[in-house]
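The lines below spell out each chain.
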Amino acid sequence: MFRIVSAFLLAALSAPSWAQSYPSRAVKIVVPYGVGGSADLYARYLGAKLSDNLGQPVVIENRPGAGSIVGTDAVAKSDADGYTLLMMSNTHTVNETLIPKKPFDLMRDLAPITGVSYSDLMMVVAADVPASTLKEFIALAKSKPGALNYASSGNGTPYHMAGELFKSMAGVDIVHIPHKGSDQARAAVLGGQVQMMFDAVPTMAASASAGKVKALATTGAKRSPVTPNVPTVAEAGVPGYESGIWLGLMAPAKTPRPVLERVNAEVNKIINSPETKETWLKQGTVAMGMSIEQFDKFLREEIVKWAKVVQVSGAKAD
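Residues numbered from 1 in each chain as written. Predicted model: local features only at pLDDT ≥ 70, side-chain atom pairs only at ≥ 80, totals over all residues. Heavy atoms only, no water.

A. The overall build of the protein chain, seen in detail. In terms of regular secondary structure, the protein chain is built from 13 helices and eleven strands. Computed over the C-alpha atoms, the radius of gyration of the protein chain is 21 Å, within 12% of the 20 Å expected from 2.2 N^0.38 for a compact globule of 318 residues. Principal-axis analysis of the C-alpha atoms gives the protein chain an extent of 80 × 40 × 30 Å. Here the protein chain holds 318 residues, and 56% of them are scored as buried. Partitioning the intrachain contacts of the protein chain with sequence separation of at least 6 by distance along the chain shows that 79% fall at a separation of at least 24. In the form shown here, the protein chain has an accessible surface area of approximately 13500 Å², with 57% of it arising from carbon and sulfur atoms. In the protein chain, the 31 positive side-chain charges and the 27 negative ones have mean positions that sit 1 Å from each other. (Helix = DSSP H or I, 4+ residues; strand = E, 2+ residues; numbered from the N terminus. Rg over C-alpha atoms; globule rule 2.2 N^0.38 Å. Buried < 20%, exposed > 50% of the residue type's maximum accessible area, 1.4 Å probe, protein only. Contact = heavy atoms within 4.5 Å. Areas by Shrake-Rupley, 256 points an atom, 1.4 Å probe, with all protein chains shown as cover. Lys, Arg positive; Asp, Glu negative; His and termini not counted. Charge placed at Lys NZ, Arg CZ, Asp CG, Glu CD.)

B. Broad picture of empty space enclosed by the protein. Under the defined criterion, the tally for this structure stands at one cavity of 30 Å³ or more. Considering only enclosed or pocket space, the largest cavity measures out at about 60 Å³ in volume. Along the walls of the largest cavity sit Tyr33, Gly37, Ser38, Ala39, Ser89, Thr91, Ser153, Thr157, Pro158, Tyr159, Ser182 and Ile245, which together make up its complete lining. Contributions of two or more residues to the lining of the largest cavity are made by α2 (38-54) and α7 (158-170). (1 Å grid on protein atoms, 1.4 Å probe; cavity = no way out; pocket = protein on both sides within 12 Å on 5 of 7 lines; lining within 4 Å. Points joined across faces, edges and corners; volume = space filled by probe spheres on them.)

C. Up close: the pairing of strand β10 (residues 245-252). Burial within β10 is extensive, with eight of its eight residues counted as buried. Relative to β10, strand β3 (residues 84-89) runs antiparallel, the two sharing four bridges. The partner of leucine 86 across the bridge, within β10, is methionine 250. Across eight bridges, strand β4 (residues 110-119) lies against β10 in antiparallel orientation. Bridging from a neighbouring strand, tyrosine 118 pairs with tryptophan 246 of β10. (Pairing = 2+ DSSP bridges.)

D. View of the sheet that holds strand β2 (residues 58-62). Ordered in space as β2-β1-β3-β10-β4-β11, the six strands form an open sheet in which the pairing is mixed. A strand with exactly one partner marks an edge of an open sheet, and here the two such strands are β2 and β11 (285-287). For this sheet the average axis-to-axis angle between neighbouring strands, irrespective of direction, equals 30 degrees. As paired strands, β4 and β11 are joined by three bridges and run antiparallel to one another. By the bridge assignment for β11, serine 117 is matched with alanine 287. (Axes fitted to C-alpha atoms, helices over the stretch in contact; angles between N-to-C directions.)

E. Main features of the pairing of β2. Of the strand pairs in this sheet, strand β1 (residues 27-31) and β2 are connected by five bridges, and their pairing is parallel. When the bridges of β2 are listed, valine 30 appears paired with glutamate 61. In this view, the connection linking β1 to its parallel neighbour β2 by way of α2 has right-handed handedness. (Right-handed = clockwise from strand over helix to strand, strands pointing away.)

F. Just the sheet that holds strand β5 (residues 121-126), in detail. Taken together, five strands build an open sheet; the order of strands is β7-β6-β8-β5-β9 and the sheet is mixed. Strands with a single pairing partner mark the edges of an open sheet, and in this sheet they are β7 (175-178) and β9 (213-218). Within the sheet, the average angular offset between the axes of one strand and its neighbour, ignoring direction, is 30 degrees. As defined by bridge partners, strand β6 (residues 149-152) adjoins β7 across four bridges and the pair is classed as parallel. Pairing of tyrosine 150 across the sheet is with histidine 176, part of β7. The strands that helix α9 (residues 201-209) touches are β5, β8 (196-200) and β9; relative to β8, the one it contacts most, it runs at about 125 degrees.

G. Quick look at the nonpolar core. Leu46, Phe137, Phe166, Ile174 and Met196 are the most contacted members of the largest nonpolar core, which has 75 residues in total. Broken down by element, this core gets its largest block of residues, seven residues, from α2. With sequence-adjacent residues up to four places away left out, methionine 196 is seen in contact with Met123, Val124, Val125, Phe137, Asn149, Tyr150, Ala151, Phe166, Ile174 and Val189. (Core = buried A, V, L, I, M, F, W, Y, C linked by side-chain atoms within 4.5 Å.)

H. Spotlight on unusual backbone geometry. Backbone torsion omega between tyrosine 22 and proline 23 reads -5 degrees, so that peptide bond is classified as cis. Within the element layout of this structure, proline 23 appears in the loop between α1 (2-21) and β1. For lysine 254, which is not glycine, the phi torsion reads 75 degrees and is therefore positive. With a relative accessible area of 79%, lysine 254 lands in the exposed category.

The quantities given are spatial measurements derived from coordinates; they are silent on function.
Following this line, the structure appears as structure tokens:
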């Protein structure tokens, strides 16, 4: 009995030291997507700020593949010490239903830290597609069932699900072409090999402004402040449509609670700062910022919500 009590007291007394001594070396944030995508850009922004606040290097490692599964599995199997973190997104909650036979279970093998950001998406078509408005594109797709295609960074990603939701609500037959990462999907549309894709507004806005692609609509409830002249999907022809991409941070399960709390506090401090809020708002991005418990609840609700979308849309892991 004495040993049990002693062990409990020792653990309780040593808990604060975890937060005080962490981190004592470089921290790695794994981004399970390609370079240049929304998750990559925001991970790098966050990593630079975290490095300053924590006093240790924060390294960003891109490990794309299988719709985020490759990089996520690597984090799930990493040491639960707070030195390997995961930048995750809607993809992960979608994949709980879309790809049930994964080498990990999201809520069992990973620990929530906090929500990071939310961004609208932009629906763009290749420059040579004979459609300049959403209604024209829908008419084109309906005239050629199965002939047009759209790119995404992989199965279950927000870009994939935005496409499936669009297909279902617009009543069109467009073929999904998954890629290993956002950069490859983007290149396919810019090069004209694929006709359409949904991408994060901050990522694709410059290409649309330069005329390299045609922006047909954005996916939020309101027009994006980045592209105020581009209508929403809902107002341009598909009433009720709304989609987006959110990002969050997780760590391997059994990571010490004090470490999770330290990272949560530092990240929320960064994303709730006036500087970050102003910078992100100009990009059409809203800081999320949550407690560990709030993010845990949010993730579980998202899993349920996207399970329904997968079932209704008939989305498959190609």
